[in-house]
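Observations on the model geometry
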Amino acid sequence: MVRPISAIINTAALKNNLKIIKNIAFKSKVWSVLKSDAYGHGIKNIYPFINSNSDGFAVLTLDEAIILRKNGCNKPILLLEGFFDKKELYLIYKYYLTITLHSNWQLKTLIKYKSQYPINIYIKINSGMNRLGFPTKKILKIIYIIKNNINFSKISLMTHFSDTTINSNFIKKQINNIKKHINNYYNFPCSFANSAAILWHKDTHYDWVRTGIILYGASPTGIWEDIAKKKIKPVMTLKSKIISIQKIYPGQIIGYNCKYYSNKKRKIGIIACGYADGYPRNINNETFVSVKGIKAKILGDISMDMIAIDLLNIPTAQIGNSVELWGDNIKIDDVAKSANTIGYELMCSLSKRVPRILK
Ligand SMILES: *Cc1c(COP(=O)(O)O)cnc(C)c1O
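Residues numbered from 1 in each chain as written. Predicted model: local features only at pLDDT ≥ 70, side-chain atom pairs only at ≥ 80, totals over all residues. Heavy atoms only, no water.

**Things to note about the overall build of the chain**
In terms of regular secondary structure, the chain is built from 11 helices and 19 strands. Viewed in the frame of its principal axes, the chain has a C-alpha envelope of about 80 × 40 × 35 Å. The buried share among the 359 residues of the chain stands at 53%. A sequence separation of at least 24 residues applies to 65% of the contacts in the chain between residues at least 6 apart. Approximately 17000 Å² of the chain is accessible, and the part contributed by carbon and sulfur atoms is 51%. For the chain, the distance from the average site of its 52 positive side-chain charges to the average site of its 22 negative ones is 5 Å. (Helix = DSSP H or I, 4+ residues; strand = E, 2+ residues; numbered from the N terminus. Buried < 20%, exposed > 50% of the residue type's maximum accessible area, 1.4 Å probe, protein only. Contact = heavy atoms within 4.5 Å. Areas by Shrake-Rupley, 256 points an atom, 1.4 Å probe, with all protein chains shown as cover. Lys, Arg positive; Asp, Glu negative; His and termini not counted. Charge placed at Lys NZ, Arg CZ, Asp CG, Glu CD.)

**Details of the domain arrangement of the chain**
For the chain, the assigned domains are domain 1 (11-219) and domain 2 (236-358). Computed over C-alpha atoms, the centres of domain 1 and domain 2 are 37 Å apart. For the pairing of domain 1 and domain 2, the buried interface totals around 1000 Å² over both sides, and the portion due to carbon and sulfur atoms is 66%. Counting across the interface, domain 1 meets domain 2 through 0 salt bridges. For the pair domain 1 and domain 2, the number of links is 2 residue pairs in polar contact (both at pLDDT 80 or more). Of all elements in the fold, only helix H2 (35-39) and helix H3 (43-50) reach the threshold of two or more residues within the side of domain 1 that touches domain 2. Grouping the amino acids of the side of domain 1 that touches domain 2 by side-chain chemistry returns 5 nonpolar, 6 polar and no charged. (Domains from an automatic or database assignment. Buried area = accessible area lost by both parts, 1.4 Å probe. Salt bridge = Lys/Arg side-chain N within 4 Å of Asp/Glu carboxyl O. Polar contact = N/O pair within 3.5 Å; in protein donor to acceptor, adjacent residues only side chain to side chain. Nonpolar A, V, L, I, M, F, W, Y, C, P; charged D, E, K, R; others polar.)

**Observations regarding the environment of Leu-311**
If you trace the backbone, Leu-311 turns up in the loop between strand S17 (307-310) and strand S18 (322-326). Beyond its immediate chain neighbours, meaning those up to four positions away, Leu-311 contacts Ile-242, Ile-245, Lys-267, Ile-268, Gly-269 and Ala-317.

**Concerning the packing of aromatic side chains**
Across all of its chains, the model carries 9 aromatic pairs by this definition. Aromatic side chains Phe-83 and Trp-105 sit 5.6 Å apart centroid to centroid with 90° between the ring planes, which places their arrangement in the edge-to-face category. Of this pair, Phe-83 sits in the loop between strand S4 (77-79) and helix H5 (89-94) while Trp-105 sits in helix H6 (residues 104-112), placing them 22 residues apart in sequence. On the numbers, 6.0 Å between centres and 20° between planes, the contact of Tyr-279 with Trp-326 is stacked. Placement of the pair is Tyr-279 in the loop between strand S14 (266-271) and strand S15 (288-291) and Trp-326 in strand S18, with a sequence separation of 47 residues. The two residues Tyr-279 and Trp-326 agree in class, both being buried. The lysine or arginine in question, Lys-295, covers the ring of Phe-288, its NZ or CZ lying 4.5 Å from the ring centre. (Phe/Tyr/Trp six-rings, centres within 6.5 Å; stacked < 30°, edge-to-face > 60°. Lys NZ or Arg CZ within 6 Å of the ring centre and 35° of its normal.)

**Regarding a positive patch on the surface**
Residues Lys-137, Lys-138, Lys-141 and Lys-180 make up a contiguous surface patch of positive charge. Following the sequence through the fold, Lys-180 ends up in helix H8 (residues 170-181). (Patch = residues over 30% accessible without salt bridge, like charges linked within 9 Å, V, L, I, M, F, W, Y side chains within 5 Å.)

**What to know about H6**
Three or more residues of H6 are buried, namely Gln-106, Leu-107, Thr-109 and Leu-110. Seen along its axis, H6 keeps its buried residues to an arc of 165°; they face one direction. Along H6, exposed side chains directed more than 90 degrees from the buried face belong to Lys-108 and Lys-112. Turning to H6, the residues buried within the fold contact H5, strand S5 (98-101), strand S6 (119-126) and helix H7 (139-149). (Arc of directions from axis to C-beta.)

**Comments concerning the packing of helix H1 (residues 11-24) against H3**
Between H1 and H3, the shortest axis-to-axis distance is 10 Å and the interhelical angle comes to 55°. Looking at the two axes, H1 sits oblique to H3. Between H1 and H3 lies a crossing of right-handed hand. On H3, the residues touching Thr-11, Leu-14, Lys-15 and Leu-18 of H1 are Ile-46, Phe-49 and Ile-50. (Axes fitted to C-alpha atoms, helices over the stretch in contact; angles between N-to-C directions. Parallel < 35°, antiparallel > 145°, perpendicular 65-115°, else oblique. Left-handed = near helix turned anticlockwise from the far one by under 90°.)

Structure below.
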């Protein structure tokens, strides 16, 4: 028998989310962000269903870009951090990849290892996040250097926002910082907005938006309620089955280190899912799964391969019943919140041993 855990990828939800994003950012082109193996969903699973409605794809690694090209993608592909080593340039030229240029060392490398073909460049502006990019004051100079030293086809401007919140003042600060120093920035195509800015800061959309987390149906803030009204739907359902049922009596414990002590008679379900599948071990003690559409509480510590749940309120539950760990009923944002993290991390940490199944 095959271990019953799987991540169901709801392709209708995926297409729905992209449509919603396009409606919100109707003036802009869309980079669909497929980094980290499409946020854990599998780049090859996701790509065919968003190809026609995406204007381009943004990835982190050269490997991800090449997977897309080899699967027939002929749309622009943006490397979100450009290249990490000069050895990558040959393949970047070969596969017509658009690069992000964020540092002087990259600029020098591009000048030294000139391209035979004109290359598309996104200049990353550090408008205040202080992670990657050139200071706003330097951008006009960088453009001048590129124009005089590099075989380029198009220059675009890109920045990334620090705030993922609904009411952000810092996004305005970052935009003003750009406006102040790059007076003619609107002569270049601009790509500034991530998911949070797409939803809540429409004046940041410009020419290209970059959508990640909302494409996959979770909230940029980590709080599902913030996006619940947008009709965005969860794409991934992590599900498994009950593989054992235990009856325990008052005074008995469940799992490692007697972490859960029962003061009454209980029916316990053991699920084939554990932290080795990517389910977070540090959840609080108010975390639920869904069985037959009814919420069941997780009891005791998460094991490597198993989770115990309370079936007290679901007397008809039996071995073989399906269990949703996250999806439409149990929002990944809620599990993430319980584990002090965000949906992004849970999606990306879903382990390789969990088969992804397209629905
Ligand atoms: C990951 C990433 C995005 C997408 O962010 P979301 O919050 O998932 O929409 C956009 N831009 C850059 C540079 C990124 O690294």
